[in-house]
Amino acid sequence: MRMTNATMYARVLASDASCNGRFFTGVLTTGIYCLPACKARKPKPENVRFFPTCEAARAAGLRPCKKCHPDDFARGADPVLETIESLVAEVRENPAAFADAGAIVRRSGFGATRVFELFRLHYHTTPADLLVRARVAAAKRQLLATRAGLAEIASGVGFESLSVFHEHFRRLNGLTPAAYRELRSDRTFEVALPAGYPLGYLRRALSRDIHSIAERLAGDTYTAAVQLSDGPALLTLQLSAGFIRAGISREVGAEAHALVVGLLGLDEDAAAFSRLAKRLGLARLVAGRTELRISQTPSVFDGLLWSIVGQQINFPFACLLKRRLIERAGKPLADGLSAPPTPAAVAALEPADLLPLQFSRQKADYVIQTARLIVDGKLDLAALRDMSATRAERTLLAVRGLGPWSVNYLMMRALGFSDCVPLGDTGVTSGLQALLKLEERPDLDATRRLMAVFSPYRSLATAHLWQFNQPIPS
Ligand SMILES: [Zn+2]
């Protein structure tokens, strides 16, 4: 997607950080080039020239700005971000070494306010929440890999008591630590739903594409053909108020469980977002669905494929392309269901294979090139989830074919980041227009401004806005 000079200039006036790295702004009168988000005084349009890279700007005789350090950004250097990332890596490696959020603040070398700001900006969360999740993740690894007792595991990862361990574990995983351990051998398991979980919205999310050949919702039975780390499998969910019963066609319980937690959005902080909406005087945004979650795509690659396939076309046509791609490169399993294609299967295609399926030339190129990046080890999808949101966003924006909309969509639907806005999304703008009774749909800058109040829960705000103009599901 090439941006016009006028678009780029508008982004510069808005100091749009999501454009950093996408182009560089040269100012002929000062001889300096900048990142689009540079806070220095804005140049007049007639003095600006845009460059795709730092090298091109330097070749035109310009020098890097000393305020925004465009070369450092282009190299990926960002000292403050790197400090926070290594701190988070330490927390995740050994959560028991941090008694509480205060210990994280002390270890950081920054002041408390600054640390909270940096965690919110780069990880979309608080130090305390990140610490609890790190403890639970460490406990899950030990439950699967060791025979250690629950009390030993709880204290080993830093929980002050077995009951606090249980409480956080159940909240984030929908089952007890003991039941989680059984996933080593089980092919069926039950996941408890939080009180008020809006099953109608889940049904809607799971049946959006009624002609899908990868998933099917019939009554209260949802079946999906999914790709797991060691091959395709059939996943079945029995939906009911209070709990979900899951079954998987192979002994891959823990991996299937992670997938189900994602589909249900169990580890998202829905209640906190609803409290925020009410505090803002916007209770109507969450009315009847205060526990709404974002249903995560079965795999990151699924999310990536659909964010490219769905760009700039209507929903039914996106579903059609999706179906044809699965028919062409997916894996038939049973009952007419086929698992979505793996990166290797897509990488093996040529654009000529996709053109007869009604892919545009450009879409075909993007889909195949992205799959090849993954197969060649140049794009590590598994690593994205553990990255800071900032790093994940930069990594994805560097992929050809992924613009700010796709990247933010992917981050909220496939990577579980909680503070993303797919800017330019018509569901978001029409939702905001109706919610705030605006005369017209907000443009990009107005959308960014209006969404800022929902930080750090802008992903859930987006999900609610998508539903705001929709009929209430039964
Ligand atoms: Zn600058």
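Calculation criteria
Residues numbered from 1 in each chain as written. Predicted model: local features only at pLDDT ≥ 70, side-chain atom pairs only at ≥ 80, totals over all residues. Pairing = 2+ DSSP bridges. Helix = DSSP H or I, 4+ residues; strand = E, 2+ residues; numbered from the N terminus. Axes fitted to C-alpha atoms, helices over the stretch in contact; angles between N-to-C directions. Buried ≥ 20, exposed ≤ 12 C-beta atoms within 10 Å, placed from the backbone. Arc of directions from axis to C-beta. Contact = placed C-beta atoms within 7 Å. Expected span 1.5 Å × (residues − 1). Domains from an automatic or database assignment. Core = buried A, V, L, I, M, F, W, Y, C linked by C-beta atoms within 7 Å.

> Hey, could you go over the sheet that holds strand β6 (residues 215–218) for me, with residue numbers and the actual values?
With respect to topology, five strands assemble into an open sheet ordered β5-β9-β8-β7-β6, the strand pairing being antiparallel. Only two strands of the sheet have a single partner each, and these edge strands are β5 (188–192) and β6. In this sheet, neighbouring strand axes are inclined to one another by 20 degrees on average, regardless of whether the strands run parallel or antiparallel. Where β6 meets strand β7 (residues 221–228), four bridges bridge the pair, whose relative direction is antiparallel. Within the sheet, the bridge partner assigned to A218 lies in β7 and is T221.

> Tell me about the environment of A10, and name the residues and values.
Relative to the assigned elements, A10 resides in helix α1 (residues 5–13). For the pair formed by A10 and L415, sequence separation is 405 residues and the distance between their alpha carbons is 29 Å.

> Any details on the sheet that holds strand β2 (residues 32–34)? Residues and values, ideally.
One open sheet accounts for four strands, arranged β3-β1-β2-β4; its pairing is mixed. Each of the sheet's edge strands pairs with one partner strand only, and the pair in question is β3 (48–51) and β4 (63–64). Where β2 lies against β4, two bridges are found, and the strand directions are parallel. The partner of Y33 across the bridge, within β4, is P64.

> Run through α1, naming residues and quoting values.
Turning to α1, its buried residues number three or more, namely M8, R11 and V12. Take α1 and look down its axis: the buried residues cluster within an arc of 100 degrees, on one side only. Where the residues of α1 are buried, they touch β1 (24–27) and β3. At the exit of α1 stands S15, carrying a positive phi of roughly 50 degrees.

> Tell me about helix α16 (residues 315–329), residues and numbers included.
Taking 1.5 Å of rise per residue, 15 residues should cover 21 Å, and α16 covers 21 Å from first to last C-alpha, within 8% of that figure. Every buried residue of α16 is listed here: L321, K322, L325, I326 and A329. Around the axis of α16, the buried residues are gathered within 135 degrees of arc, so they sit on the same side. Along α16, exposed side chains directed more than 90 degrees from the buried face belong to P316 and F317. Buried residues in α16 make contact with α15 (300–309), β11 (337–339) and α17 (343–347).

> Now, about unusual backbone geometry: what can you tell me, with residues and values included?
For the bond running from S455 to P456, omega is 5 degrees, close enough to zero to count as cis. Inspection of the secondary structure puts P456 in the loop between α24 (444–451) and α25 (458–468). Phi is positive for D335, close to 55 degrees, though the residue is something other than glycine. Mapping D335 onto the fold places it in the loop between β10 (331–334) and β11. On the basis of neighbour counts, which here come to 9 C-beta atoms within 10 Å, the residue D335 falls in the exposed class.

> Talk me through the pairing of strand β9 (residues 243–248); I want residue IDs and the actual numbers.
Here β9 shows a clear split, with I244, A246 and I248 buried on one side and none of F243, R245 and G247 buried on the other. Hairpin connection of strand β8 (residues 231–239) to β9: three residues between the antiparallel strands, including G242 at a positive phi of 100 degrees.

> Can you break down the domain arrangement of the protein chain residue by residue, with the values?
Structurally, the protein chain comprises domain 1 (5–75), domain 2 (78–182), domain 3 (187–267) and domain 4 (300–468). Computed from C-alpha coordinates alone, the two centres of domain 1 and domain 2 are separated by 39 Å.

> Tell me about the nonpolar core, and please be specific about residues and values.
Formed by 113 residues in total, the largest nonpolar core has its most connected members in L235, A246, V260, V367 and M411. With eight residues, helix α7 (residues 127–145) is the single largest residue contributor to this core. Sequence-distant contacts of V260, defined by excluding residues within four places in its chain, comprise V191, L237, I244 and A246. Membership of the second largest hydrophobic core comes to 16 residues, among which are V27, I32, Y33 and C54.

> Got a sec to walk through the environment of I213? Specific residues and values, please.
By secondary structure assignment, the location of I213 is in the loop between α11 (199–206) and β6. Sequence separation between I213 and G288 is 75 residues, and the spatial gap between their C-alpha atoms is 31 Å. Discounting chain neighbours no more than four positions away, the residues touching I213 are R323, I326, E327, G336, L337 and S338.

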